[in-house]
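# Observations on the model geometry
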Amino acid sequence: MQRRYFILAATALAACGASGPVTLPPDSTLILTRHGDRSGSEDLLNDRGRQRARDLVTALDGVALDAICSPGIQRNLDTAAPIAEARGLAVNRIPQEAPTAALAAASAGRSVLWVGNKGNLTTIWETLGLPGGPPLDYGDLTFLRSDANGRVSIERQRY
């Protein structure tokens, strides 16, 4: 786990030094969702949020998934836990500040799920220069798919 985090962190640092905007590599899929529901200013998931985390497993049934990434915030980790367990994958922690370069690198030729927050989902969206708004509501599930030429398509779902 530490080695995986180090590789992601090193890749992110290298990408930060590269010139030009961050782009999703060809033949990549980045799946974005917000953590499950919480009550008011509570930091932890409420009952509905825990159910939504379980529903994410069903929502991604049949979808290839090579990695799961999240900031180290408990509500995000709790949302990612059921899908990680169902798929036998670890949750890779990426710092929530400017995660786009690390996620783009991690998704190269792969399918990666990001369980984020309003702020970092907005940052990812803006950094990639995507049209429309980012998936900020509980239950939003957005697939960013890059074809062989690097053209990105956006598919929005709800769960």
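As the structure is a computational prediction, the values presented were derived from the model and not from experiment. (Residues numbered from 1 in each chain as written. Predicted model: local features only at pLDDT ≥ 70, side-chain atom pairs only at ≥ 80, totals over all residues. Heavy atoms only, no water.)

Moving on, we come to the overall build of the protein chain. Within the protein chain, the regular secondary structure consists of five helices and six strands. Its helices and strands taken in sequence order, the protein chain reads α-β-α-β-α-β-α-β-α-β-β from the N to the C terminus. Here the protein chain holds 159 residues, and the buried ones make up 43% of them. Here the contacts in the protein chain between residues at least 6 apart in sequence split such that 65% fall between residues at least 24 apart. Only carbon and sulfur atoms are counted for the fraction: they give 51% of the accessible area of the protein chain, which is about 7,900 Å². (Helix = DSSP H or I, 4+ residues; strand = E, 2+ residues; numbered from the N terminus. Buried < 20%, exposed > 50% of the residue type's maximum accessible area, 1.4 Å probe, protein only. Contact = heavy atoms within 4.5 Å. Areas by Shrake-Rupley, 256 points an atom, 1.4 Å probe, with all protein chains shown as cover.)

Extensive coverage of strand 1 (residues 28-34) is indicated by the burial of seven of its seven residues. Burial of the side chains of strand 1 extends over both faces: Ser28, Leu30, Leu32 and Arg34 are buried on one face and Thr29, Ile31 and Thr33 on the other. Of the pairings in the sheet, the one linking strand 1 to strand 5 (residues 140-146) comprises six bridges and is antiparallel in character. Looking across to strand 5, one finds that threonine 33 is bridged to leucine 141. The sheet contact formed by strand 1 and strand 4 (residues 111-116) spans six bridges and is parallel. From the neighbouring strand, leucine 32 faces strand 4, where its bridge partner is tryptophan 114. (Pairing = 2+ DSSP bridges.)

This paragraph deals with the environment of isoleucine 124. With respect to the helices and strands, isoleucine 124 occurs in helix 5 (residues 118-127). In this structure isoleucine 124 comes out as buried when scored by relative accessible area, which is 0%. Along the chain, isoleucine 124 and leucine 32 lie 92 residues apart, while their C-alpha atoms are 9.3 Å from each other. In contact with isoleucine 124, not counting residues within four places along its chain, are Leu30, Leu32, Pro99, Thr100, Leu103 and Trp114.

Worth remembering: the numbers are spatial, not functional.
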